[in-house]
Amino acid sequence: MKQIDRLKALGLFDSRVPRYTSYPTAPLFSAEIGAAEQARALQQLDPDVPVSVYLHIPFCERLCWFCACRTQGTQTLSPVDSYLDTLAKEIRQVGTLLPKGVRMGRMHWGGGTPTILTPAMIGRLAQAVKSVFAQTEDWEFSVEIDPTLVDRDKIAALAAEGMNRASIGIQDFDPLVQQAIGRMQSFEVTRSCVDDLRAAGIRSLNADLVYGLPHQSEARMADTVDKVLSLDPDRMALFGYAHVPWVAKRQKLIKEDSLPDDQARFQLAGLAAARFAAAGYEAIGIDHFAKPTDRLAQAARHGQLRRNFQGYTDDACPTLIGFGASSISRFDGGYLQNAAATPAYIERVEAGQLAASRGYLMTPEDRLRGRAIEMLMCDFRLDRAELARGHGTAAAALDDILQALAVRFGDLLRFTDEALEILPEGRPLTRIIASAFDAHTPEGVRYSQAS
Ligand SMILES: C[S@@+](CC[C@H](N)C(=O)[O-])C[C@H]1O[C@@H](n2cnc3c(N)ncnc32)[C@H](O)[C@@H]1O
Ligand code: SF4
């Protein structure tokens, strides 16, 4: 049987499983867990262990049809301005609960489009965070940048606040594809944004691409990939287009008959990956690529890659504090998510309440399963010795799953006494294999396809 037919028979195109940016996944979060647990988690933080900080800016000037991110369109800055006031208030509220001296090792601004902020707003927001969190010496500050909504002044303001990593949205450079996803963005504008970022001293640059978009063909994909490579990014994310119009209503504007079929999608991903490899990039996890010198590639080589809400990271901070509408925080005990809709978030914070409105408290079994899933998603390898070290005899509870996987996936997996490894031919099935360790299947949740 051809590899593609074998993968297909094992569910590559039909399975709908999570991307496991967390385990348990967000649909499992409960409204019974919220502000009280958030207050407790913040008060119990160890002041000697740095935290990561995430800020969500849920505004865009344009609303791209393909986009499944939590954001809203706005043509004026007045809602953004008042949102920033609320954000500053939330940061102060959280600050009153933190033990003295908690420092941040990382800060990430995502969205939406953080570069909708003016230089003055950028300074205001950065100062609000810095007034609560001192920075570690190796502090990293990364920002998601829309090349069509940024200029030198904004980049200078971000750099002045310490931005040292940037992630630019590209998706695809072909005009026909861009038209079909409602996102026009020329190569020239993108290149000049990259030049401006580098001139401002930004040394670490990520580019986001998406395969599976309308009208993508092998020739168009090859052209986009070559253009992206000419920008010499340090990292790239190649996301499979998640077509979920039942969640992201704007995707209804995308004509389904213009989408590549399952096989074509698979080939597009393979084509891009092969070109990245030929250009010297290392494949990281299921959808990232990085230069061998990049910290993400180094982390992957040393088994230190982690999975979080932004995808893959080399961030070792155990705690992530999310600010803004819909942001998710991760504490030792579990997850907490702020009110998702911007008006609900504003209402809570302005009423003096903490913003978390849903969450999940992890059991020891969740931790074990979550770590098993993370290992597979990051390393394609489940290290039984590490699980036993971290979870003791409980790790043996996964043996039945391992045996079932051996039967189902056969020689796509390698078993030894120490580990289960997904061999390269089986890696397109990683999400499906990882889902065998997921004990929670929320009812009524429809995920995007696994390939
Ligand atoms: C917050 S957005 C990007 C930042 C910025 N607003 C921009 O457009 O350049 C983060 C990334 O999520 C990815 N993304 C959004 N919707 C997606 C979807 N439906 N399927 C796959 N990836 C998606 C895109 O690659 C996008 O660049
Ligand atoms: S891709 Fe970026 S600019 Fe487009 S809607 Fe999504 S967040 Fe906004």
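Source: prediction; values computed, not measured.

### Re the overall build of the chain
From N to C terminus, the chain includes 15 helices and 19 strands. Here the C-alpha radius of gyration of the chain, 21 Å, is about what a compact globule of 451 residues would show, namely 22 Å. The dimensions of the chain, computed from C-alpha atoms along their principal axes, are 60 × 55 × 40 Å. When burial is assessed residue by residue, the chain has 56% of its 451 residues classed as buried.

### Re the site of ligand 1
Around ligand 1, 20 residues are found, and the nearest of them are F66, G111, Q171, R183 and D208. Between G112 and ligand 1, the recorded distance is 3.0 Å, taken from a backbone N or O atom to a nitrogen atom. D208 has a polar side-chain atom sitting 2.8 Å from an oxygen atom of ligand 1. For ligand 1, the protein covers 90% of the area, taking 580 Å² as the surface of the free molecule. For the shell around ligand 1, the secondary structure elements donating two or more residues are β5 (134–145), β6 (165–171), β7 (204–211) and β8 (235–240).

### With respect to the site of ligand 2
Taken together, C60, R62, L63, C64, F66, C67, G112, T113, D146 and R183 make up the full set of residues adjacent to ligand 2. Residues that form the shell around ligand 2 fall into these classes: five nonpolar, two polar and three charged.

### Things to note about helix α13 (residues 384–391)
Sitting at the head of α13, D383 places a side-chain oxygen 3.0 Å from the backbone nitrogen of A385. Two residues or fewer past α13, G392 is found with a positive phi of approximately 65 degrees.

### A few points about the nonpolar core
By size, the foremost hydrophobic cluster in this structure holds 80 residues, and its most contacted members are L55, W109, L117, F133, L197, F276 and I321. The biggest single contributor to this core is helix α3 (residues 78–97), with seven residues. Sequence-distant contacts of F133, defined by excluding residues within four places in its chain, comprise V51, V53, L98, V102, M104, I321 and F323. If you look at the next biggest cluster of nonpolar residues, it comprises 40 residues, including L296, A372, L376 and L412.

### Focus: the pairing of strand β19 (residues 419–422)
Strand direction decides the pairing type here: strand β17 (residues 381–383) and β19, joined by three bridges, are antiparallel. Bridge pairing in β19 links R381 to E421. Here strand β18 (residues 413–415) pairs with β19 via three bridges, running antiparallel. Following the sheet pairing, F415 is matched in β19 by L420.

### A few points about the packing of α3 against helix α11 (residues 342–350)
Their axes nearest at 10 Å, the elements α3 and α11 cross at an angle of 50 degrees. Of the possible angle classes, the one that applies to α3 and α11 is oblique. In this structure, α3 crosses over α11, and the sense of that crossing is left-handed. Residue-level contacts link Y83, T86, L87, K89, E90 and Q93 of α3 to T342, Y345, I346, V349 and E350 of α11. Considered class by class, the residues forming the contact of α3 with α11 number five nonpolar, three polar and three charged.

### Looking at the domain arrangement of the chain
The assigned domain composition of the chain is domain 1 (29–323) and domain 2 (364–439). When each unit is reduced to the centre of its C-alpha atoms, the spacing between domain 1 and domain 2 is 29 Å. Residue-level contacts link eight residues of domain 1 with nine residues of domain 2. It is I286, R306 and R307 that lose the most area in domain 1 upon contact with domain 2, and together they represent 52% of the buried surface on that side. Linking domain 1 with domain 2 are zero salt bridges, by the criterion used here. The interface formed by domain 1 and domain 2 holds two residue pairs in polar contact (both at pLDDT 80 or more) in total.

### Focus on the sheet that holds β18
Taken in spatial order, the three strands line up as β17-β19-β18 in an open sheet, and their pairing is antiparallel. In this open sheet, the two strands that pair with only one neighbour each are β17 and β18. When strand polarity is set aside, the average angle formed by the axes of neighbouring strands in this sheet is 10 degrees. With respect to the sheet, helix α12 (residues 364–379) is in contact with β17 and β19, its orientation differing from that of β17 by roughly 140 degrees. Across the face of the sheet, α13 comes into contact with β17 and β19 while running at roughly 45 degrees to β17.

### Topic: helix α14 (residues 399–409)
Turning to α14, its buried residues number three or more, namely I401, L402, L405 and F409. The arc enclosing the buried residues of α14, seen along the axis, measures out at 100 degrees, which places them on a common side. Set apart from the buried face of α14 by more than 90 degrees, the exposed residues are D400, Q403 and V407. The first or second residue beyond α14 is G410, which carries a positive phi of 45 degrees.

Conventions we followed
- Residues numbered from 1 in each chain as written.
- Chains lettered and ligands numbered in written order.
- Predicted model: local features only at pLDDT ≥ 70, side-chain atom pairs only at ≥ 80, totals over all residues.
- Heavy atoms only, no water.
- Helix = DSSP H or I, 4+ residues; strand = E, 2+ residues; numbered from the N terminus.
- Rg over C-alpha atoms; globule rule 2.2 N^0.38 Å.
- Buried < 20%, exposed > 50% of the residue type's maximum accessible area, 1.4 Å probe, protein only.
- Near = heavy atom within 4 Å.
- Polar contact = N/O pair within 3.5 Å; in protein donor to acceptor, adjacent residues only side chain to side chain.
- Areas by Shrake-Rupley, 256 points an atom, 1.4 Å probe, with all protein chains shown as cover.
- Nonpolar A, V, L, I, M, F, W, Y, C, P; charged D, E, K, R; others polar.
- Core = buried A, V, L, I, M, F, W, Y, C linked by side-chain atoms within 4.5 Å.
- Contact = heavy atoms within 4.5 Å.
- Pairing = 2+ DSSP bridges.
- Axes fitted to C-alpha atoms, helices over the stretch in contact; angles between N-to-C directions.
- Parallel < 35°, antiparallel > 145°, perpendicular 65-115°, else oblique.
- Left-handed = near helix turned anticlockwise from the far one by under 90°.
- Domains from an automatic or database assignment.
- Buried area = accessible area lost by both parts, 1.4 Å probe.
- Salt bridge = Lys/Arg side-chain N within 4 Å of Asp/Glu carboxyl O.
- Arc of directions from axis to C-beta.

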